[in-house]
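Below are the chains, spelled out letter by letter.
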Amino acid sequence: MQKTLLPVVLLGLGTLLALGQSSRPAASMAAPAGASFESTIRPFVAKSCSGCHNEKTKSGQLDLTQYTTRAVIAADPGRWEIVLKRLKAGDMPPQPMPRPDAAELRRVTTWIEGELDRVAAAKPDPGRVTARRLNRAEYNYSVMDLLGVDFRPADDFLQDDTG
C-alpha cells in the first residue's frame, strides 16, 4: 500500500512546487490591488502635476499631460524614473502647492515602480561587459596550465593595482 501512495504524494508535491514557482514572478510585478492608470495615475497627474507640467508652461521641460495611457508611459521609462525619484524625495509637488496625502502618494509611487519593473522585465539590459586583464598570479597560473612548465613570466611585470 505504501508503494502505491508514494508516487501520488510525490506528484502532488511536485505540482504544488511548480505552481508556487510559476506564480511568484507574476505576483511580484503586478500592480497594487485596485490601482490602474485610469484610477490612480491620471487623476493624480491632473490634480497634483498638470498645473505646472502642462503643454503651456512645461516647467522643467516636462509636459505630463501628454502621458494619457499606460503604453505612453511604458515608451518613456527614463522620464518616469525621474518623476518617481522626485515624488519619493518629496520635491514634487513643490512647497507652496498642496501635498497629496501619504496613502495616495504611496499608491502612485507603487504603481509607477510596478510599471517600470514590468517594462524593464520585458526588455532586460544586462549592461556592458568590461574585459579585464589577468593579475600576475592568474597570468602565471595560466601559463603553467597551458604549457605545463613552472615558468613565471609575470614576476617581471609591473606591480598589480590594488583596489
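Residues numbered from 1 in each chain as written. Predicted model: local features only at pLDDT ≥ 70, side-chain atom pairs only at ≥ 80, totals over all residues. Heavy atoms only, no water.

Caption draft 1: Seen up close, helix α4 (residues 77-89). The terminal C-alpha atoms of α4, which comprises 13 residues, lie 18 Å apart, in line with the 18 Å expected from a rise of 1.5 Å per residue. If you check which residues of α4 are buried, you get W80, V83, L84 and L87. For α4, the arc enclosing every buried residue in end-on projection is 100 degrees, short of the 170-degree limit, so these residues lie on one face. Exposed and facing more than 90 degrees away from the buried side of α4 are K85 and A89. Tucked into the core, α4 has its buried residues touching α2 (37-49), α3 (70-74) and α5 (102-122). Directly after α4, the chain includes G90, whose backbone phi takes a positive value near 85 degrees. (Helix = DSSP H or I, 4+ residues; strand = E, 2+ residues; numbered from the N terminus. Expected span 1.5 Å × (residues − 1). Buried < 20%, exposed > 50% of the residue type's maximum accessible area, 1.4 Å probe, protein only. Arc of directions from axis to C-beta. Contact = heavy atoms within 4.5 Å.)

Caption draft 2: Looking closely at the nonpolar core. Counting residues in hydrophobic clusters, the biggest one holds 19 residues, and the most contacted among them are I41, L64, I73, W80, L87, W111 and I112. Going through the elements one at a time, α2, α4 and α5 are the ones with two or more residues in this core. The contact partners of L87, leaving out residues within four places of it in the chain, are F44, M92, L105, V108, T109 and I112. (Core = buried A, V, L, I, M, F, W, Y, C linked by side-chain atoms within 4.5 Å.)

Caption draft 3: A look at the packing of α4 against α5. Axis separation between α4 and α5 bottoms out at 10 Å; the angle between their running directions is 150 degrees. Taken as axis vectors, α4 and α5 run roughly antiparallel relative to one another. The two elements α4 and α5 meet at a crossing, and its hand is left-handed. In contact with P77, W80, E81, L84, L87 and K88 of α4, α5 contributes L105, V108, T109, I112, E113, L116 and V119. (Axes fitted to C-alpha atoms, helices over the stretch in contact; angles between N-to-C directions. Parallel < 35°, antiparallel > 145°, perpendicular 65-115°, else oblique. Left-handed = near helix turned anticlockwise from the far one by under 90°.)

Caption draft 4: Representation of unusual backbone geometry. With an omega of -15 degrees, the peptide bond between M92 and P93 qualifies as cis. For K58, which is not glycine, the phi dihedral falls at a positive 45 degrees. Here K58 shows up in the loop between α2 and α3.

Caption draft 5: Local environment of the pattern of salt bridges. For the structure on display, the rule yields eight salt bridges. As a salt-bridge pair, K88 and E113 come within 2.2 Å of each other at their nearest N and O atoms. Placement of the pair is K88 in helix α4 and E113 in helix α5, with a sequence separation of 25 residues. Owing to a relative accessible area of 52%, K88 belongs among the exposed residues under this scheme. For R118, the salt bridge goes to E115, with nearest N and O atoms at 2.6 Å. With R118 and E115 both in helix α5 and three residues apart, this pair spans about one turn of that helix. Among the residues examined, E115 registers a relative accessible area of 4% and is labelled buried. (Salt bridge = Lys/Arg side-chain N within 4 Å of Asp/Glu carboxyl O.)

Honestly, it's all geometry; don't read function into it.
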